[in-house]
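Inside the fold
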Amino acid sequence: MATVGIIGAGLMGKDVAITCAAHGYDVVLCDSDPSVRQSAPAELRRLLREYRMMSPAAAGWDTGEVLGRIRVDEGYAELAAADWIVENIIEDYAAKEELYLGLREVCRDGVKVAVNTSCIPITKIAALLPRPDAVIGMHFMNPVPLIGGVEVIRGFHTSEETVRGAEAFAASLGKQPIVVNDMPGFVSNRLSHLFMNEAAFLVQDGVAEPEQVDAVFRLGYGHKMGPLETADLIGLDTVVNSLAILYDELQDAKFRCCPLLKKMVAAGRLGRKSGHGFYPYLRTGAARVGAGVAS
Ligand code: NAD
């Protein structure tokens, strides 16, 4: 079975690792932070247990087999064996640039690289590698094992072979690919960050409490989650970083970040992952309100 190298073992990297391993891939999961690597095995086990309880499709996954296919590693030497690399490090272009320049030495010819970014243009990242035709965006949605679709982003140089490979890879993970062209934020986040940001402005301006803002979306529009619950799920630090990229790349004032979001990040209120965002969360990461799914 093919090997998938996953870089970044945060919120998304762990989810992508579980999804790949559950669909039979051997997985090498890398992270530069020793504490993340140390906690990853227990976190993977906890997440897998949750997904098996939450989804009938995941209920049949064998915990021992899935976890047995995931190897947590420090360095990138192991990535030389990978058929696909899925990169999920922090949403910061400078960090991604440094990583990709290092990958030039490691990636074997023929490896396909899937960039799981929220907003950074795929073309800009592909330019850092010697084979930009083999680089594509695969924007997995959170929580990955429970979501049926993946946004596939065709960069300027992405070859048709790579697009077809990404479609087949997505299908092999039980996901429907939605292929779009490259622009900052693609389709999903160019839209979703506008409503999450504006929802934060509504709270900042005292128009409504978070509960009311989200209730309008859930009860009024029939969305599974409101924009502020979604922001908490994604991580407010990632939302702030993504808005900065959209603002910078598109030079459009409508993406200016709400000061309340920046203030919450400075205060350590990052959402579910820190135990508190617009809402408080239980220690397990379970939501106090509106547990659902989001992108
Ligand atoms: P996160 O902060 O939870 O995790 C990022 C991980 O990357 C951390 O564990 C960090 O230690 C690691 N890291 C940083 N620099 C590294 C390096 N040079 N090498 C290896 N590891 C490194 O972030 P996340 O929410 O998992 O997001 C990861 C990526 O996925 C971002 O680009 C984000 O925009 C994108 N994304 C996030 C979501 C979401 O809902 N959070 C959804 C889709 C896509």
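Residues numbered from 1 in each chain as written. Predicted model: local features only at pLDDT ≥ 70, side-chain atom pairs only at ≥ 80, totals over all residues. Heavy atoms only, no water.

1. A word on the overall build of the protein chain
Secondary structure assignment for the protein chain yields twelve helices and eight strands. Taking 2.2 N^0.38 as the reference for a compact globule, 295 residues should give roughly 19 Å; the C-alpha atoms of the protein chain span a radius of gyration of 18 Å, in line with that estimate. Its C-alpha atoms give the protein chain principal-axis dimensions of roughly 55 × 45 × 35 Å. Per-residue burial over the protein chain gives 51% buried out of 295 residues. Restricting to contacts in the protein chain with at least 6 residues of sequence separation, those with at least 24 account for 68%. Summed over its atoms, the accessible surface of the protein chain is roughly 13200 Å², and 54% of this surface lies on carbon and sulfur atoms. Between the averaged position of the 29 positive side-chain charges in the protein chain and that of its 36 negative side-chain charges there is a distance of 4 Å. (Helix = DSSP H or I, 4+ residues; strand = E, 2+ residues; numbered from the N terminus. Rg over C-alpha atoms; globule rule 2.2 N^0.38 Å. Buried < 20%, exposed > 50% of the residue type's maximum accessible area, 1.4 Å probe, protein only. Contact = heavy atoms within 4.5 Å. Areas by Shrake-Rupley, 256 points an atom, 1.4 Å probe, with all protein chains shown as cover. Lys, Arg positive; Asp, Glu negative; His and termini not counted. Charge placed at Lys NZ, Arg CZ, Asp CG, Glu CD.)

2. Structural notes on the site of the ligand
With respect to spatial proximity, 24 residues lie near the ligand, and among them Met12, Asp31, Tyr76, Glu91 and Ser118 are the closest. Bound to the protein, the ligand loses 89% of the 840 Å² it would expose on its own. For the shell around the ligand, the per-class residue count stands at nine nonpolar, ten polar and five charged. When residues of the shell around the ligand are assigned to domains, at least three fall in each of domain 1 (3–181) and domain 2 (189–294). (Near = heavy atom within 4 Å. Nonpolar A, V, L, I, M, F, W, Y, C, P; charged D, E, K, R; others polar. Domains from an automatic or database assignment.)

3. A short note on helix α1 (residues 11–22)
For an α-helix, 3.6 residues make a turn, and residues three or four places apart therefore share a direction. Counted at 1.5 Å a residue, the expected span for α1 with its twelve residues is 16 Å, and the 17 Å between its end C-alpha atoms agrees. Burial within α1 is extensive, with eleven of its twelve residues counted as buried. Where α1 terminates, the next one or two residues include glycine 24, which has phi positive at roughly 95°. (Expected span 1.5 Å × (residues − 1).)

4. Things to note about the nonpolar core
One finds Leu79, Tyr100, Leu103, Val135, Val239, Leu261 and Phe278 to be the most contacted residues of the largest nonpolar core, which totals 49 residues. Taken together, the elements giving at least two residues each to this core come down to β2 (26–30), α5 (93–103), β5 (112–115), α6 (122–126), α8 (188–204), α10 (227–234), α11 (236–250) and α12 (259–266). Among the elements that make up this core, the one with the highest residue count is α11 (six residues). Residue contributions to this core reach at least three from each of two domains, namely domain 1 (3–181) and domain 2 (189–294). (Core = buried A, V, L, I, M, F, W, Y, C linked by side-chain atoms within 4.5 Å.)

5. Details of the pairing of β5
Residues Lys112 and Ala114 point to one face of β5 and Val113 and Val115 to the other, with burial holding for every one of them. One ladder, built from four bridges, connects strand β4 (residues 84–87) with β5; its direction is parallel. When the sheet's bridge partners are listed, isoleucine 85 is paired in β5 with valine 113. You can see the chain leave β4, run along α5 and come back into β5, and the turn it takes is right-handed. Taken together, the three bridges between β5 and strand β6 (residues 135–140) define a ladder with parallel strand orientation. Bridging across to β6, valine 115 finds its partner in glycine 137. (Pairing = 2+ DSSP bridges. Right-handed = clockwise from strand over helix to strand, strands pointing away.)

6. Observations regarding the sheet that holds β6
Across the sheet, eight strands lie side by side as β3-β2-β1-β4-β5-β6-β7-β8; this open sheet has mixed pairing. Two strands bound the open sheet, and with one partner strand each, they are β3 (70–73) and β8 (176–181). Going from strand to strand, the sheet's axes swing by 25° on average, the running direction of each strand aside. In the packing of helix α2 (residues 34–54) onto the sheet, contacts are made with β2 and β3, and the angle to β3 comes to roughly 160°. (Axes fitted to C-alpha atoms, helices over the stretch in contact; angles between N-to-C directions.)

7. Details of the domain arrangement of the protein chain
For the protein chain, the domain assignment lists domain 1 (3–181) and domain 2 (189–294). The centre of domain 1, based on its C-alpha atoms, is set 24 Å off from the matching centre of domain 2. Listed as interface residues are 15 residues of domain 1 and, on the opposing side, twelve residues of domain 2. Per-residue buried area on domain 1 facing domain 2 is highest for Glu91, Cys119 and Asn142; these three make up 42% of the total on that side. Between domain 1 and domain 2 we count one salt bridge in total. Lysine 124 is the salt-bridge partner of glutamate 249, the closest N and O atoms lying 2.7 Å from each other. The interface formed by domain 1 and domain 2 holds four residue pairs in polar contact (both at pLDDT 80 or more) in total. (Buried area = accessible area lost by both parts, 1.4 Å probe. Salt bridge = Lys/Arg side-chain N within 4 Å of Asp/Glu carboxyl O. Polar contact = N/O pair within 3.5 Å; in protein donor to acceptor, adjacent residues only side chain to side chain.)

8. A look at the packing of α8 against α11
Remark: α8 packs on α11, axes separated minimally by 11 Å, with the N-to-C direction vectors making an angle of 115°. Here the hand of the crossing between α8 and α11 comes out left-handed. Judged by residue contacts, Asn189, Arg190, His193, Met196 and Asn197 of α8 engage Val239, Ser242, Leu243, Leu246 and Leu250 from α11. Residue classes in the contact of α8 with α11 are distributed as five nonpolar, four polar and one charged. (Left-handed = near helix turned anticlockwise from the far one by under 90°.)

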